[in-house]
Amino acid sequence: MHLHETDAPALIAPSRKPALIRVLDRALDLVFPPRCVSCDAFGAFICDRCHADMTRADGTRCDTCWMPLDPRSTCRRCYYQRPALLGVRAAIVYEAAARDAVLALKFRGLSAVAPLMARPMAEVLSDWRPPVESIVPVPLSGQRRRLRGYNQSELLAKEVSRLSGIPVGRRSLIRRHHTHAQATLTSDARWQNVDGAFREGKEAPTGSVLLLDDVITTGATLNACASVLLNEGAGAVFALTFARED
């Protein structure tokens, strides 16, 4: 199923910027018109055509890891290796324009694409309604944050929080040290890479928590974070991402 603007639930609040900010945005658009991260068309960072072509990560999937699932079977991966996460959802399949949006946010410094990515995430959250009391973005190492200038998961978390009304708990998790980029590693190596990579932050979580990240592939990073949060006293940990690599 592809995305359409009319699919957005009414529970999601519209974006409301101050009048001065809207004027400045329009002035900047005239001088530096935005271009689509995928097809380079002028007008928006994700153009209407590329937005409509994004594939929803829906259909029959495992509730725990959100991988596609044969309706007649159970998820073997979650059966043999029970995750720390109680449930996962992703808005979009990680391909084409969705992949280009993630890469633009992470490696091209295009933070302006975060609000566009957060909208389908908030739609999924509105339909799913996990019983969570706060949103916790997956933390970056200090080295990678300085290189990018921001934590992309934190930008997405702020936007999802604004749309959903669920507060962000930024200080519940800390990344102990810089690790190899997960995208460069094999499936088994990804789990080893993040083993012990996170620790508790200054604020212990209260109640159940929604972990938030840009992409889920093996689930190694999210599970490593969930284990720490559970040890800190979180009631349960769910996860939401923009994209799911099937």
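This text goes with the structure placed above it.
Here the structure is a predicted model, which is why all the values come from computation and not from measurement.

Student: So what's going on with the side chain of Asp213? Which residues, and what values?
Tutor: Inspection of the secondary structure assignment puts Asp213 in strand 5 (residues 209–216). Buried charge without a partner: Asp213 forms no salt bridge, and the closest opposite charge is Lys106, 6.3 Å away. Sequence-distant contacts of Asp213, that is, excluding residues within four places in its chain, are made with Met121, Val138, Ser153, Leu156, Thr221, Leu222, Leu240, Thr241 and Phe242.

Student: Please set out the layout of surface pockets residue by residue, giving values where relevant.
Tutor: Counted as a void, the second largest pocket has a volume near 580 Å³. In terms of lining residues, the second largest pocket is bounded by 32 residues, among which Lys106, Gln182, Ala183, Asp214 and Val215 are the most central. If you list the elements that add at least two residues to the lining of the second largest pocket, you get helix 4 (96–107), helix 6 (142–148), helix 7 (152–164), strand 5 and helix 9 (220–232). Classifying every residue of the lining of the second largest pocket gives 13 nonpolar, eleven polar and eight charged.

Student: Got a sec to walk through the packing of aromatic side chains? Specific residues and values, please.
Tutor: Scanning the model with the defined rule gives two aromatic pairs in all. Seen in terms of ring centroids, Tyr79 and Tyr80 are 5.1 Å apart; in terms of plane orientation they differ by 90 degrees. Their pairing is edge-to-face. For Tyr79, a relative accessible area of 64% translates into the label exposed. Look at Trp128 and Phe238: their rings are 5.8 Å apart centre to centre, the planes differ by 80 degrees, and that puts the pair in the edge-to-face class. Here the residue Trp128 occupies a position in helix 5 (residues 114–128), and Phe238 occupies one in strand 6 (residues 237–244), the gap between them amounting to 110 residues. Note on accessibility: Trp128 and Phe238 belong to one class, buried. For the cation-ring pair, Arg99 lies above Tyr94, with the distance from its terminal atom to the ring centre recorded as 5.3 Å.

Student: Help me get a handle on unusual backbone geometry, residues and values and all.
Tutor: Positioned with a positive phi, Trp66 is a non-glycine residue whose angle comes to about 65 degrees. Structurally, the position occupied by Trp66 is in the loop between helix 2 (48–53) and helix 3 (76–80). Residues other than glycine seldom take positive phi values, yet Ala96 does so here, at roughly 50 degrees. According to the relative accessible area criterion, Ala96 is partly exposed, its value standing at 47%.

Rules and cut-offs
- Residues numbered from 1 in each chain as written.
- Predicted model: local features only at pLDDT ≥ 70, side-chain atom pairs only at ≥ 80, totals over all residues.
- Heavy atoms only, no water.
- Helix = DSSP H or I, 4+ residues; strand = E, 2+ residues; numbered from the N terminus.
- Buried < 20%, exposed > 50% of the residue type's maximum accessible area, 1.4 Å probe, protein only.
- Lys, Arg positive; Asp, Glu negative; His and termini not counted.
- Salt bridge = Lys/Arg side-chain N within 4 Å of Asp/Glu carboxyl O.
- Contact = heavy atoms within 4.5 Å.
- 1 Å grid on protein atoms, 1.4 Å probe; cavity = no way out; pocket = protein on both sides within 12 Å on 5 of 7 lines; lining within 4 Å.
- Points joined across faces, edges and corners; volume = space filled by probe spheres on them.
- Nonpolar A, V, L, I, M, F, W, Y, C, P; charged D, E, K, R; others polar.
- Phe/Tyr/Trp six-rings, centres within 6.5 Å; stacked < 30°, edge-to-face > 60°.
- Lys NZ or Arg CZ within 6 Å of the ring centre and 35° of its normal.

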